[in-house]
Amino acid sequence: MSLMKRLSLIFRSKANSALDRAEDPRQTLDYSYQRQLELLSKVRRGVADVATSRKRVELQMKQLEAQSAKLQGQAEKAIAVDREDLAREALTRKSGLTTQIQDLQGQHANLQGEEEKLVLAQQRLQTKVESFRTRKETIKANYTAAEAQTRIGEAMSGIGEEMGDVGLAIQRAEDKTAQMQARAGAIDDLIASGALDDASSINAGDDIARELDALSSHSDVEVELARLKGGSQRPAIEPTTDPASQGNILSSPEDNAVQREINEGGQA
């Protein structure tokens, strides 16, 4: 098979498939019925035309017969008055009219036969058209019912095009919802762990501040530990008003703070 033949075959097959999908049997039946009605209308006009021609021939025959009868009377009158020449002329004309009448009779018979054939064809065609119309309506009703049943079945099973689109939309919505829920959970976990502190509150001195806070907390722990040890192992030291002696006991501000804590613990 040559390339052009293959291309032609592919094109025809594609076109046939596209037309098959686009074709609606109900529209095709309605179009066929309309064409049959047009054909029936043409047949009826043909019958009317033939009948009109037949009627026109009949009128011509009547006119010629009337003229023939008139010539016959004129010939008889001419013989009565001894005018043989006039009688011969009248009879000659009558003979010509008789020939025309015979021709018209033949035409009339042919037209009448054609009219009868057309009337019979019209009756048969009309019967077929009425039968086709009944069958057409039955097929259309069955097709409509089958189409509705198919659509209902597709909707119930979810395999229809519209329902398929709806199913895909629902699936996408569920996927996005699950993704957003997972993201929200992850963000909550990161916030709880402190990994997502507000970046606007972070500055260059935060590390130093945290170290100072740690040292302050450690110093407080040490002071509290020393107070507890002093309260359980040494008697409370009475406060003295002698600055010199006080300076000998505690020589630094930290020692003074420890001593105050111990004194307060003993007084309590």
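Residues numbered from 1 in each chain as written. Predicted model: local features only at pLDDT ≥ 70, side-chain atom pairs only at ≥ 80, totals over all residues. Heavy atoms only, no water.

### Details of the overall build of the protein chain
Selection rule: In DSSP terms, a helix is any run of H or I states spanning at least four residues, a strand is any run of E spanning at least two, and both are numbered starting from the N terminus. Contacts are residue-level and defined by heavy atoms, with any inter-residue pair within 4.5 Å sufficient. For every accessible area listed, the method is Shrake-Rupley and the probe measures 1.4 Å; residues are considered covered only by the protein chains on display.
Within the protein chain, the regular secondary structure consists of seven helices and zero strands. Along the protein chain, helices (α) and strands (β) appear in the sequence α-α-α-α-α-α-α when read from the amino end. Partitioning the intrachain contacts of the protein chain with sequence separation of at least 6 by distance along the chain shows that 75% fall at a separation of at least 24. Summed over all atoms, the accessible surface of the protein chain reaches about 20,800 Å², with 55% contributed by carbon and sulfur.

### As for the packing of aromatic side chains
Test applied: In summary, the pairing rule links any two rings of Phe, Tyr or Trp, Trp by its six-membered ring, whose centres are within 6.5 Å, and it sorts them by plane angle into stacked for under 30 degrees, edge-to-face for over 60 and tilted for everything else. Counting as a charge over the ring demands two things of the Lys NZ or Arg CZ atom: a distance within 6 Å of the ring centre and an angle within 35 degrees of the ring normal.
One pass over the full model with this rule turns up one aromatic pair. Ring centres of Y33 and F132 lie 6.4 Å apart, and the angle between their planes is 15°; on these two criteria the pair is classed as stacked. Taken as a pair, Y33 in helix 2 (residues 25-80) and F132 in helix 3 (residues 84-157) lie far apart in primary sequence, 99 residues in all. The ring of Y33 carries the charged tip of K136 above its face, separated from the ring centre by 5.0 Å.

### A word on the packing of helix 2 against helix 3
Here is the rule we go by: Structural elements are reduced to axes, namely lines fitted to C-alpha atoms, with helices fitted over the stretch in contact, and the angle between N-to-C directions of any two is expressed from 0 to 180 degrees. Relative orientations are named as follows: roughly parallel for angles under 35 degrees, roughly antiparallel for angles over 145 degrees, roughly perpendicular for angles from 65 to 115 degrees, and oblique for any other angle. Should the near helix be turned anticlockwise from the far one by less than a right angle, the crossing is termed left-handed; should it be turned clockwise, right-handed. Residue type decides the class: Asp, Glu, Lys and Arg count as charged, Ala, Val, Leu, Ile, Met, Phe, Trp, Tyr, Cys and Pro as nonpolar, and the leftover types, Gly among them, as polar.
At their nearest, the axes of helix 2 and helix 3 sit 6 Å apart, and the two run at 165° to each other. Regarding the angle of helix 2 to helix 3, the classification is roughly antiparallel. The two elements helix 2 and helix 3 meet at a crossing, and its hand is left-handed. A class-by-class count of the residues in the contact of helix 2 with helix 3 yields 32 nonpolar, 18 polar and 16 charged.

### As for the nonpolar core
Convention followed: Side-chain atoms within 4.5 Å are what join buried Ala, Val, Leu, Ile, Met, Phe, Trp, Tyr and Cys residues into a set we call a nonpolar core. Only protein chains enter the area calculation, which uses a 1.4 Å probe; residues under 20% of their type maximum are buried, those over 50% are exposed, and those in between are partly exposed.
Listed in full, the 11 residues of the largest apolar core are V57, M61, L64, L71, A75, A78, A87, A90, L97, I101 and L104. Taken together, the elements giving at least two residues each to this core come down to helix 2 and helix 3. For this core, the element with the most residues is helix 2, which contributes six residues. Once residues lying within four places of it in the same chain are set aside, the contact partners of I101 are M61, L64, E65 and S68. Ranked by size, the runner-up nonpolar core spans six residues in total, among them Y33, L40, V43 and L125.

### Details of the pattern of salt bridges
Using the following cut-off: The term salt bridge refers to a side-chain nitrogen of Lys or Arg lying within 4 Å of a carboxyl oxygen of Asp or Glu.
Summed over the entire model, instances satisfying the criterion amount to 12 salt bridges. A salt bridge links D30 to K136, with the shortest nitrogen-to-oxygen separation between them at 3.2 Å. Here D30, found in helix 2, pairs with K136, found in helix 3; they are 106 residues apart in sequence, far enough to count as distant. Looking at D30, the relative accessible area reads 31%, which means it is partly exposed.

### Overview of a nonpolar patch on the surface
For clarity, the threshold we go by: Like charges within 9 Å and nonpolar side chains (Val, Leu, Ile, Met, Phe, Trp, Tyr) within 5 Å are joined into patches, using only residues over 30% in relative accessible area that form no salt bridge.
Taken together, the side chains of L3, M4 and L7 make up a nonpolar region of the molecular surface, amounting to roughly 350 Å² of accessible area. Along the chain, the position of M4 falls in helix 1 (residues 3-22). Owing to a relative accessible area of 62%, M4 belongs among the exposed residues under this scheme.

### Concerning unusual backbone geometry
In this model, D82 sits at a positive phi of 65°, which is unusual for a non-glycine residue. With respect to the secondary-structure elements, D82 resides in the loop between helix 2 and helix 3. A residue is classified by how much of its surface remains accessible, and D82, at 67% relative accessible area, is exposed.

Any functional reading would require information beyond the geometric quantities listed.
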